[in-house]
Amino acid sequence: MIIGKHLVAGNWVGSDTSFTSSPAHGPSHDFAVGTPDLVDQACHAAEEAFWSYGYSSREDRAKFLNTIADEIDARGEAITEIGTQETGLPEARLNGERGRTVGQLRLFAEHILKGDYLDTRHDAALPDRQPLPRPDIKLVQRPVGPVAVFGASNFPLAFSTAGGDTAAALAAGCPVVVKGHSAHPGTGDLVAQAIDAAIKACGVHPGVFSQIQGGDRKVGQAVVEHPLIKAVGFTGSLAGGRALFDLCAARPEPIPFFGELGSVNPMFLLPAAMATRAETIGTGWAGSLTMGAGQFCTNPGIAVVIDGPEAESFIQAAVAGLGEVGPQTMLTDGIASAYQKGRDVIRGTAGVREVLTTTCDLRNATPYLFVTTGEDWLKNEVLGEEVFGPLGLVVTVKDEAEMLKVAHSLQGQLTATLHMEDGDTALGQKLMPVLERKAGRILTNGFPTGVEVCDSMVHGGPYPASTNFGATSVGTMSIRRFLRPVSYQNMPDALLPGDWG
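## So, the sheet that holds strand 20 (residues 439–444)
Inference 1: An order of 15-17-18-13-12-19-20 is seen for the 7 strands of this open sheet, with the pairing classed as mixed. Both edges of this open sheet fall to strand 15 (353–356) and strand 20, since each of them pairs with a single strand only. Within the sheet, the average angular offset between the axes of one strand and its neighbour, ignoring direction, is 25°.
Inference 2: The strands that helix 11 (residues 333–347) touches are strand 15, strand 17 (368–373) and strand 18 (391–397); relative to strand 17, the one it contacts most, it runs at about 30°.

## Observations concerning the packing of helix 3 (residues 76–87) against helix 4 (residues 91–114)
Inference 1: Helix 4 packs onto helix 3 with a crossing angle of 125° between their chain directions and a minimal axis gap of 9 Å. One way to sum up the angle between helix 3 and helix 4 is to call them oblique. The crossing of helix 3 and helix 4 is right-handed. Where helix 3 abuts helix 4, its residues Gly76, Thr80, Gly83, Thr84 and Thr87 lie against Glu91, Leu94, Asn95 and Arg98.
Inference 2: For the contact of helix 3 with helix 4, a count of residues per class yields 1 nonpolar, 6 polar and 2 charged.

## Regarding helix 10 (residues 309–323)
Inference 1: Look at helix 10: 21 Å from first C-alpha to last across 15 residues, which is about the 21 Å you get at 1.5 Å a residue.
Inference 2: Among all positions of helix 10, only Ala311, Phe314, Ile315, Ala317, Ala318, Val319, Gly321 and Leu322 are buried.
Inference 3: Buried residues belonging to helix 10 abut strand 12 (267–269), helix 9 (271–290), strand 13 (302–306), strand 15, strand 17 and strand 18.

## Focus on empty space enclosed by the protein
Inference 1: This structure, assessed with the given rule, holds 2 cavities of 30 Å³ or more.
Inference 2: The space that makes up the largest cavity amounts to roughly 120 Å³.
Inference 3: Taken together, Ser263, Val264, Asn299, Gly301, Ile302, Ile346, Leu383, Glu385, Glu386, Val387, Leu391 and Leu393 make up the lining of the largest cavity.
Inference 4: Of the volumes computed, that of the second largest cavity is approximately 80 Å³.
Inference 5: Lining the second largest cavity are 13 residues, and of these Phe258, Gly259, Ser466, Thr472 and Ser473 lie nearest its centre.
Inference 6: Sort the elements by how many residues they give to the lining of the second largest cavity and strand 11 (residues 257–260) lands first, with 3 residues.

## A word on the packing of helix 7 (residues 217–225) against helix 8 (residues 238–250)
Inference 1: Two elements in contact, helix 7 and helix 8, have axes whose closest approach is 9 Å; the angle formed by their N-to-C orientations is 40°. Viewed along their axes, helix 7 and helix 8 adopt a mutual orientation that is oblique. For the pair helix 7 and helix 8, the sense of crossing is right-handed. Contacts between helix 7 and helix 8 involve Gly220, Gln221, Val224 and Glu225 on the former and, on the latter, Leu244, Leu247 and Cys248.
Inference 2: A class-by-class count of the residues in the contact of helix 7 with helix 8 yields 4 nonpolar, 2 polar and 1 charged.

## Comments concerning unusual backbone geometry
Inference 1: Following Gln130, the chain continues into Pro131 via a peptide bond in cis, with omega recorded as 10°.
Inference 2: Tracing the chain through its elements places Pro131 in the loop between strand 5 (121–123) and strand 6 (137–143).
Inference 3: For the bond running from Tyr463 to Pro464, omega is 10°, close enough to zero to count as cis.
Inference 4: Inspection of the secondary structure puts Pro464 in the loop between strand 20 and strand 21 (483–489).
Inference 5: Phi angles above zero are rare outside glycine, and Ala9 is one such case at about 55°.

## Details of the pattern of salt bridges
Inference 1: Scanning the model with the defined rule gives 20 salt bridges in all.
Inference 2: The shortest N-O distance in the salt bridge between Glu253 and Arg251 comes to 3.7 Å.

## Side note on helix 11
Inference 1: Helix length check: helix 11, at 15 residues, gives a terminal C-alpha distance of 21 Å against a target of 21 Å (1.5 Å per residue), a fit within 8%.
Inference 2: Along helix 11, the positions that sit buried rather than exposed are Ile335, Ala336, Tyr339, Gln340, Gly342, Arg343 and Ile346. Angular distribution of buried residues about the axis of helix 11 spans 160°; they occupy a single face of the element.

## A word on the packing of aromatic side chains
Inference 1: Enumeration over the complete set of coordinates arrives at 14 aromatic pairs.
Inference 2: An angle of 15° between the planes, with centres 5.4 Å apart, marks the rings of Trp285 and Phe314 as stacked. Highlighted residues: Trp285 in helix 9 and Phe314 in helix 10, separated in sequence by 29 residues.
Inference 3: Residue classification places Trp285 among the buried positions, given a relative accessible area of 1%.
Inference 4: Stacked on the ring of Phe155, the Lys or Arg Arg93 has its end atom at 4.8 Å from the ring centre.

Procedures and definitions
- Residues numbered from 1 in each chain as written.
- Predicted model: local features only at pLDDT ≥ 70, side-chain atom pairs only at ≥ 80, totals over all residues.
- Heavy atoms only, no water.
- Pairing = 2+ DSSP bridges.
- Helix = DSSP H or I, 4+ residues; strand = E, 2+ residues; numbered from the N terminus.
- Axes fitted to C-alpha atoms, helices over the stretch in contact; angles between N-to-C directions.
- Contact = heavy atoms within 4.5 Å.
- Parallel < 35°, antiparallel > 145°, perpendicular 65-115°, else oblique.
- Left-handed = near helix turned anticlockwise from the far one by under 90°.
- Nonpolar A, V, L, I, M, F, W, Y, C, P; charged D, E, K, R; others polar.
- Expected span 1.5 Å × (residues − 1).
- Buried < 20%, exposed > 50% of the residue type's maximum accessible area, 1.4 Å probe, protein only.
- 1 Å grid on protein atoms, 1.4 Å probe; cavity = no way out; pocket = protein on both sides within 12 Å on 5 of 7 lines; lining within 4 Å.
- Points joined across faces, edges and corners; volume = space filled by probe spheres on them.
- Salt bridge = Lys/Arg side-chain N within 4 Å of Asp/Glu carboxyl O.
- Arc of directions from axis to C-beta.
- Phe/Tyr/Trp six-rings, centres within 6.5 Å; stacked < 30°, edge-to-face > 60°.
- Lys NZ or Arg CZ within 6 Å of the ring centre and 35° of its normal.

Here it is, written out as structure tokens:
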């Protein structure tokens, strides 16, 4: 049952005004609108909770994470039902995303029990060292304090209320204040109910989690500017993320903003691979490009290939694959409108020709495919900007040297892909140093739409892919974002944090 209110420190709280959801299909629901005052209440509750939760044992936090996962699974059918209605995503996608959400909660629980993430270090005292003795010094990572998390439009579960940022912060020992996304408030409502049930079952301080629904920009601004918030996690648009990043930096006490802002995720199709499987790559690209209506931050929007017959075979295979894809419902009316505007920008850029023309309107998306040359790409920076949806751009270059120039011209990316065979090794070796500086994850002979949640994953990259290229928003290393190192010099064991040792 949808409650339609904010969850603030264990209490379901209404407000003077409400908004109505805009589902892709099914009934709409009314939800209380967030206010800066509610944000203030949630942040003070989070600070109060930190004095117990931030010093809780890893065992207790692991139990809490696992209990949240259990409570989400217990509401699985209801979450899938409201999620499909609000987003238009198919049932299988919502079920899979719920599996990923509870899976990462359980993975983080297992990970913190091992203790490796704390990076404990110990330099024993050297009292006889000359010319000066060395004190005993221990180091361990400690939680930073309350964390704000912004729900993502394109992942109503895995990057929202109990998604990766929330799971990482809770694993680290940080209470969380979530700004729910208005695209899927009902989904967020049910997941918040699951977290609330877990709080009660585990006896955790209720201020450890709050969720504020709806509200205008003043609410988001109030979250990031609140003096008790010590870090922010965000997945969304470049414009929105950059605005919040600037607010974090302008605070009297600047705080880290971990924003994942998008990427065009270029693919480089090398000659030997094209000679043997150009059509196969083209067909695979069409499938990846249109998965989920292209609404993935790792959607591979750019393909760079040396001009010639193989390039044409690749393009024709992609056109054929894309032509089989019908209209898909986008997550929101605003995302659909932005997709159409992005298409028009590409279409109107000099040196670009359209090789697959479709018609999309309202909240529907259909695929588009454009081709340009390496020379025209290098002249037009706008071609390197993300179009969120199933739109692809092929960049045909004259030779390997121009392919390298295109690689050098790229902004920061979440991913970069090489399609290659053994005969492409020399060119791959030339591209790798460039791509390592451009992307957080580099693939060979695959497609980036699929981010494994594991110890070795990096989901981030140089700006504008993310605002902190030394961090990841996916995988167990994401917990480190909400920790900071503290050294303890000549400290009695009784005063060391419980995580030490």
